[in-house]
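Topology and contacts: notes
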Amino acid sequence: MKHTLSVLVEDEAGVLSRISGLFARRGFNIESLAVGPAEQGGVSRITMVVPGDDRVIEQLTKQLYKLVNVLKVQDITETPCVERELMLLKVNASTSNRSEVIELSQIFRARVVDVAEDSLTLEVVGDPGKMVAIVQVLQKFGLREVARTGKIALTRESGVNTELLKSLEAKV
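All of these numbers come straight from a predicted model, not from anything done at the bench.

So, about the overall build of the protein. Looking only at helices and strands, one finds 5 helices and 9 strands in the protein. The N-to-C order of helical and strand elements in the protein reads β-α-β-β-α-β-β-α-β-β-α-β-β-α. Classification of the 172 residues of the protein by burial places 38% in the buried group. Split by element, the accessible area of the protein, about 10,200 Å² in all, is 51% carbon and sulfur. Charged side chains of the protein number 22 positive and 23 negative; the gap between the two group centres comes to 2 Å.

All right, on to unusual backbone geometry then. If you check the backbone angles, R109 has positive phi at about 55° while not being a glycine. Topologically, R109 is positioned in the loop between α3 (98-107) and β6 (111-115).

The next subject is the domain arrangement of the protein. We note that the domain assignment places domain 1 (2-79) and domain 2 (82-155) within the protein. Just the C-alpha atoms count here: the centres of domain 1 and domain 2 sit 29 Å apart. Across the boundary between the two partners, domain 1 contributes 10 residues, which contact 8 residues of domain 2. Roughly 630 Å² is buried in total at the junction of domain 1 and domain 2, and carbon and sulfur atoms are behind 61% of that figure. In terms of surface lost to domain 2, no three residues of domain 1 exceed A34, T47 and I76, which account for 43% of the buried area on that side. Connecting domain 1 to domain 2 are 0 salt bridges. Connecting domain 1 to domain 2 are 2 residue pairs in polar contact (both at pLDDT 80 or more).

To characterise two packed helices, one gives the angle between the axes of the helices and the distance between these axes. Direction vectors running N to C along helix α1 (residues 15-26) and helix α2 (residues 54-65) enclose 135°, while the axes themselves pass 11 Å from each other. On the basis of the axis angle, α1 is oblique to α2. Read as a crossing pair, α1 and α2 show a hand that is right-handed. In contact with I19, L22, F23 and R26 of α1, α2 contributes L60, Q63 and L64. Along the lines of polarity and charge, the residues of the contact of α1 with α2 split into 5 nonpolar, 1 polar and 1 charged.

Core analysis: the largest hydrophobic core is formed by 18 residues, its most contacted members being V7, I19, F23, M48 and L64. Contributions of two or more residues to this core are made by β1 (2-10), α1, β3 (43-51), α2 and β4 (70-75). Once residues lying within four places of it in the same chain are set aside, the contact partners of M48 are H3, T4, L5, V7, I19, F23, I30, S32 and L33. Of all hydrophobic cores here, the second largest spans 16 residues; its members include L104, L120, L122 and I134.

About the criteria used
- Residues numbered from 1 in each chain as written.
- Predicted model: local features only at pLDDT ≥ 70, side-chain atom pairs only at ≥ 80, totals over all residues.
- Heavy atoms only, no water.
- Helix = DSSP H or I, 4+ residues; strand = E, 2+ residues; numbered from the N terminus.
- Buried < 20%, exposed > 50% of the residue type's maximum accessible area, 1.4 Å probe, protein only.
- Areas by Shrake-Rupley, 256 points an atom, 1.4 Å probe, with all protein chains shown as cover.
- Lys, Arg positive; Asp, Glu negative; His and termini not counted.
- Charge placed at Lys NZ, Arg CZ, Asp CG, Glu CD.
- Domains from an automatic or database assignment.
- Contact = heavy atoms within 4.5 Å.
- Buried area = accessible area lost by both parts, 1.4 Å probe.
- Salt bridge = Lys/Arg side-chain N within 4 Å of Asp/Glu carboxyl O.
- Polar contact = N/O pair within 3.5 Å; in protein donor to acceptor, adjacent residues only side chain to side chain.
- Axes fitted to C-alpha atoms, helices over the stretch in contact; angles between N-to-C directions.
- Parallel < 35°, antiparallel > 145°, perpendicular 65-115°, else oblique.
- Left-handed = near helix turned anticlockwise from the far one by under 90°.
- Nonpolar A, V, L, I, M, F, W, Y, C, P; charged D, E, K, R; others polar.
- Core = buried A, V, L, I, M, F, W, Y, C linked by side-chain atoms within 4.5 Å.

If you want it as structure tokens, here you go:
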């Protein structure tokens, strides 16, 4: 199972290196990693997606807390969250199929951010499932380049579980 960890760290040089070193020494893989300033000065939030069962994640959490600059570690996998990812996608788009590429990208609320003679660059923001879906749909045109940020997430103060809402919507 993939777990999403939200880690608050002191914003100091080498923190990310120590965390990635910990993962490397233990033989764990990080599937997605996003780092940026948190709500309070001098603190950064690291959001990472890590494969493993509950026991492995518990072990990793304990190891992370042993690092000097780690302030808080939270496994938010089962917590209602707002999750987003950013992807830039360069797609083959000749004059003959350009309108079809644009039409399909609009379904995913993607924005065209660059137009070239034989390609389009799209910006897509959404949950990780949306990223997979648009890549699958546009693959037939030929993907030249893909750049993804990795997942970022914050817990929902409202406690509303969007997965629950989606399942209720599907039944209607």
